[in-house]
Amino acid sequence: MAAPVQRLQPTKLPTLPSATTPEQRYWRSFASPLLIHEYTNITSIHFSPHAPHDFAVTSSSLIKIFSSKTRAVSKTISRFKDTAYAGQIRRDGKVIAAADAGGTVQIFDLASRAVLRTWMEEHKAAVQALRWNPRELTGLVTGGDDTTVRVWDLPARESVVTFSGHDDYVRSVAYLPVGGAAGSTGGLVVSGSYDTTARIWDPRVGGRASMTFRHDTAVEDVLAMPGGTTLLVATGNMVRVWDVVAAKEIAVLSNHQKTVTSLAQTTGDKRRVLTGALDGHVKIYDTASWSVVHGVKYPAPVLSLAVSPDEKHLAVGMVGGLLSIRTRRSGGERDVVKEKERAMDLIMKGLDPRAVDKAKKGRSGNKARRLKGLDYKGEDEEHVIDANPKKPKKERPFEVDLRKGRYSQALDRVLGPTGRGELNMILTVIKELVYRNAVKKALANRDEEGLRPVIEWCIRCVGDPRMVGVVDEIVETVLDLYSHALGQSAEFDKLVQRLTTRISHEVENARQATRAVGMLSMLIAGNE
């Protein structure tokens, strides 16, 4: 008795590298960009640490509070006599602090917008840097163009500690999350100045800076990582990463072309650092390897940026008063959008979405319960005897041709008249021909019309790295069989010329890629 004919299993091509990484897909999910035009440059954006994470946008002599739910202005604070700077919401979401170009520091009640505290005449110049103490509700620190750094306590009528060590404008301040908290003055303070230094101060002892980090250009912003041992300093078009404990530089992020103006970080499990620069780019870094995982291009130079604590909003302020707010869709919102897109695709195909959904529902619940268990096939250890065995599936036409030795017809069936057949089936048949040592038989005795689909397929697939080996086998066989016909048929010569041009193009692409890899390797080696 003859053995049953086995069907050919289609060849599975290896999966090509994904065009986008999971990290890129995550950051691209910050969609629905909302562009808002303010009066002047947006110098500061700050999200409330307290839910629902409304955010303050500082521009001109105004601070606007935007609702995180509607992305619209919910409050406006305009009690400034000069340009306002550094609007910062306290971690309980009830109070906001800000400064202005005259050196005045003010505290506002966020609900009523009433002034709770005003400090005047201590800073002798503009104050553009301000931060709340992350552990004490009554403490904050400011840095001014008068080169001083001052620590404040809400109940006090004047600053409680003053640091005087910088030689130029102080444009950034932050609290290091280390050190004992002794009231509102507790916690180490870090400041960045246009004198090219970043300094760490201890409010408990005052006096000189505890540590000084020197750079080549002015310091625009500083960012302390949660562990308290890593400090990021934006200086020029680079961001330098310092190990505070070892007092040494551990990385240099030099992916921007112009001055880096703002630093921010996410608060999720996978912590990321965001940098904004005057080149209009926002770069996102992995803090484990300090490599770029994503980037976003904006229409104007970036001055400020912030990410909401729940990582739902990304707000970027630019030169000229342009504010961009990107929002990441939640699970329910994504499902609604996908459903609308699916319905639209069905409508474009001429199908009724309601009819398709009804057909997918299948049999009713009552019928499903009556038929439950009838399709049970038994466990692995049980042998179920089927009284009505299923008939084997009918052979496909090219399988019949292969079984009967009609190799040329089998190849023509999967190639089609233009060589545009299904790639998996073509590859399956060619590999079967190679296995049977029948490639020459399948390609022999062909005229120009018979060779056209073969060469067209080679031209189509020679650039696919998964198909190069098979294409090489076919091209060598064709040239071996028909090289004597070159110059005798204009049609055949034209096909061979197209194939030669395509192969030369792919070889040049490979050379260019090799050169690019070499240049990148040199750049990486030079930065290590």
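First, a word on what this report is: a plain description of the structure on this page. Note that this is a predicted model, so its numbers are computed, not measured.

On to the sheet that holds strand β11 (residues 139-144), then. Within the open sheet, the four strands sit side by side as β10-β11-β12-β13. Their pairing is antiparallel. Edge positions in the sheet fall to β10 (127-132) and β13 (161-164), since each of these pairs with one other strand and no more. On average, each strand axis in the sheet is tilted by 15° relative to the strand beside it, whichever way the strands run. Here five bridges tie β10 to β11, and the two strands are oriented antiparallel to one another. For Leu130, the partnering residue across the bridge sits in β11 and is Thr142.

Summarising the element assignment, Asp279 is placed in the loop between β23 (272-277) and β24 (281-286). For Asp279, the residues in contact, after removing those within four places along its chain, are His256, Gln257, Lys258 and Lys297. Here His281 takes part through its backbone nitrogen, which lies 3.0 Å from a polar atom of the side chain of Asp279.

Next up on the list: the layout of surface pockets. Space left empty within the atom packing is revealed by a probe, the size of a water molecule, rolled over the atoms. Of the voids in this model, the largest pocket is the one considered here, and its volume is about 1,600 Å³. As for the largest pocket, its lining consists of 50 residues, of which His46, Gln88, Arg131, Leu223 and Leu263 are closest to the centre. Elements represented by at least two residues in the lining of the largest pocket include exactly β2 (42-47), β6 (84-89), β10, β14 (170-176), β18 (219-224), β22 (260-265) and β26 (302-307). When residues of the lining of the largest pocket are assigned to their parent elements, the largest contribution, six residues, is made by β14. The class makeup of the residues in the lining of the largest pocket is 28 nonpolar, 14 polar and eight charged.

Following both chains from N to C, one finds helix α9 (residues 448-461) and helix α10 (residues 468-482) inclined at 140°, their axes separated by 10 Å at the closest point. Here the hand of the crossing between α9 and α10 comes out left-handed. From α9, Leu451, Val454, Trp457, Cys458 and Cys461 reach across to α10, where they touch Val470, Val471, Ile474, Val475, Val478 and Tyr482. By residue class, the composition of the contact of α9 with α10 is eleven nonpolar, no polar and no charged.

Calculation rules
Residues numbered from 1 in each chain as written. Predicted model: local features only at pLDDT ≥ 70, side-chain atom pairs only at ≥ 80, totals over all residues. Heavy atoms only, no water. Pairing = 2+ DSSP bridges. Helix = DSSP H or I, 4+ residues; strand = E, 2+ residues; numbered from the N terminus. Axes fitted to C-alpha atoms, helices over the stretch in contact; angles between N-to-C directions. Contact = heavy atoms within 4.5 Å. Polar contact = N/O pair within 3.5 Å; in protein donor to acceptor, adjacent residues only side chain to side chain. 1 Å grid on protein atoms, 1.4 Å probe; cavity = no way out; pocket = protein on both sides within 12 Å on 5 of 7 lines; lining within 4 Å. Points joined across faces, edges and corners; volume = space filled by probe spheres on them. Nonpolar A, V, L, I, M, F, W, Y, C, P; charged D, E, K, R; others polar. Left-handed = near helix turned anticlockwise from the far one by under 90°.

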